[in-house]
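Commentary on secondary and tertiary structure
What follows is each chain in one-letter form.
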Amino acid sequence: MSKVHVTASVNEEAVEFLCEPQETLLDVLRGPLGKTGTKEGCGSGDCGACSVLLNGRLVCSCLVLAVESQGAEVTTIEGIATAEGLHPIQQKFLEHAALQCGICTPGFIVATKALLDRNPNPDEETIRYWLAGNLCRCTGYDKIIRAVQDAASELAYEA
């Protein structure tokens, strides 16, 4: 089978790559594009560790074929921080110790960004619902929820 040429934008940078038709976006991000912040957890869309934004929509990159990113804007965990430093979401995860081994953390942060982009003032039930696709085997979810609530408050204050 011949490789497919794909052009896309990853973290606001134009990229081009060749991929096999069956390769996932996760494979290409972690491989040729070197975006290793996006983690592989389950490979079946059950854990959320590989969450990215595809044209602003939260997706599990292990379930998206790389060819489907043709012409798309992909945002990974590396695209959340700015040149000035950590995004407030990332900072709040640190402040609240809402992480442990780190495998799930990028997915939680990307999912939180997607949530707060759509709903800047979510209640706890909405946060828990929105993050239900992300699994953590190390921590309880309470610190994560508090980090999201605090990030929402800070981002609202900055706006």
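None of the values given here were measured: they were computed from a predicted structure. (Residues numbered from 1 in each chain as written. Predicted model: local features only at pLDDT ≥ 70, side-chain atom pairs only at ≥ 80, totals over all residues. Heavy atoms only, no water.)

Scanning the protein chain from terminus to terminus reveals 5 helices and 5 strands. Its helices and strands taken in sequence order, the protein chain reads β-β-α-β-β-β-α-α-α-α from the N to the C terminus. For 159 residues, the compact-globule formula gives about 15 Å, and the C-alpha radius of gyration of the protein chain, at 16 Å, lands near that figure. When the backbone C-alpha atoms are referred to their principal axes, the protein chain occupies close to 50 × 30 × 25 Å. Counting the 159 residues in the protein chain, one finds 43% classified as buried. (Helix = DSSP H or I, 4+ residues; strand = E, 2+ residues; numbered from the N terminus. Rg over C-alpha atoms; globule rule 2.2 N^0.38 Å. Buried < 20%, exposed > 50% of the residue type's maximum accessible area, 1.4 Å probe, protein only.)

Turning to the side chain of Lys92, a few remarks are in order. Position of Lys92 relative to the elements: it lies in helix 2 (residues 88-95). At a separation of 3.0 Å, a polar atom in the side chain of Lys92 contacts the side chain of Glu95. Each residue touching Lys92, except ones within four places of it in the same chain, is listed here: Ala147, Asp150, Ala151 and Glu154. (Polar contact = N/O pair within 3.5 Å; in protein donor to acceptor, adjacent residues only side chain to side chain. Contact = heavy atoms within 4.5 Å.)

Much of the literature gives interface size as the accessible area that the parts lose upon coming together. According to the domain assignment, the protein chain contains domain 1 (4-79) and domain 2 (88-158). The partner domain 2 presents 14 residues to the 14 residues of domain 1 that form the contact. For domain 1, the biggest contributors to the area lost against domain 2 are Cys47, Leu58 and Ile77; these three give 41% of the whole. The interface formed by domain 1 and domain 2 holds 0 salt bridges in total. Where domain 1 meets domain 2, there are 4 residue pairs in polar contact (both at pLDDT 80 or more). Those elements giving two or more residues to the side of domain 1 that touches domain 2 turn out to be strand 3 (51-54) and strand 4 (57-60). In terms of residue count, strand 3 provides more of the side of domain 1 that touches domain 2 than any other element does, 3 residues in total. (Domains from an automatic or database assignment. Buried area = accessible area lost by both parts, 1.4 Å probe. Salt bridge = Lys/Arg side-chain N within 4 Å of Asp/Glu carboxyl O.)

Looking at the secondary structure, you find Ala49 in the loop between helix 1 (25-30) and strand 3. For Ala49, a relative accessible area of 5% translates into the label buried. In sequence terms Ala49 and Ala151 are 102 residues apart; their C-alpha atoms lie 20 Å from each other. Excluding residues that lie within four positions of it along the chain, Ala49 makes contacts with Thr38, Lys39, Gly41, Ile103 and Gly107.

Bringing the pattern of salt bridges into the picture now. Think of it this way: side chains of opposite charge can pair up when their charged atoms draw near. According to the stated counting rule, one finds 6 salt bridges in the structure shown. Lys92 is the salt-bridge partner of Asp150, the closest N and O atoms lying 3.4 Å from each other. Highlighted residues: Asp150 in helix 5 (residues 142-158) and Lys92 in helix 2, separated in sequence by 58 residues. Asp150 sits in the partly exposed class, given a relative accessible area of 25%. Here the residues in one salt-bridge network are Lys92, Glu95, Asp150 and Glu154, joined through shared partners.

Where nonpolar side chains cluster on the molecular surface, the patch consists of Leu86, Leu94 and Leu99 and spans about 250 Å² of accessible area. Mapped onto the elements, Leu86 comes out in the loop between strand 5 (73-75) and helix 2. Judged by its relative accessible area of 45%, Leu86 is partly exposed. (Patch = residues over 30% accessible without salt bridge, like charges linked within 9 Å, V, L, I, M, F, W, Y side chains within 5 Å. Areas by Shrake-Rupley, 256 points an atom, 1.4 Å probe, with all protein chains shown as cover.)

Right, let's get into the pairing of strand 4. One ladder, built from 4 bridges, connects strand 3 with strand 4; its direction is antiparallel. Each bridged residue has a counterpart across the sheet, and for Val52 the counterpart in strand 4 is Val59. (Pairing = 2+ DSSP bridges.)

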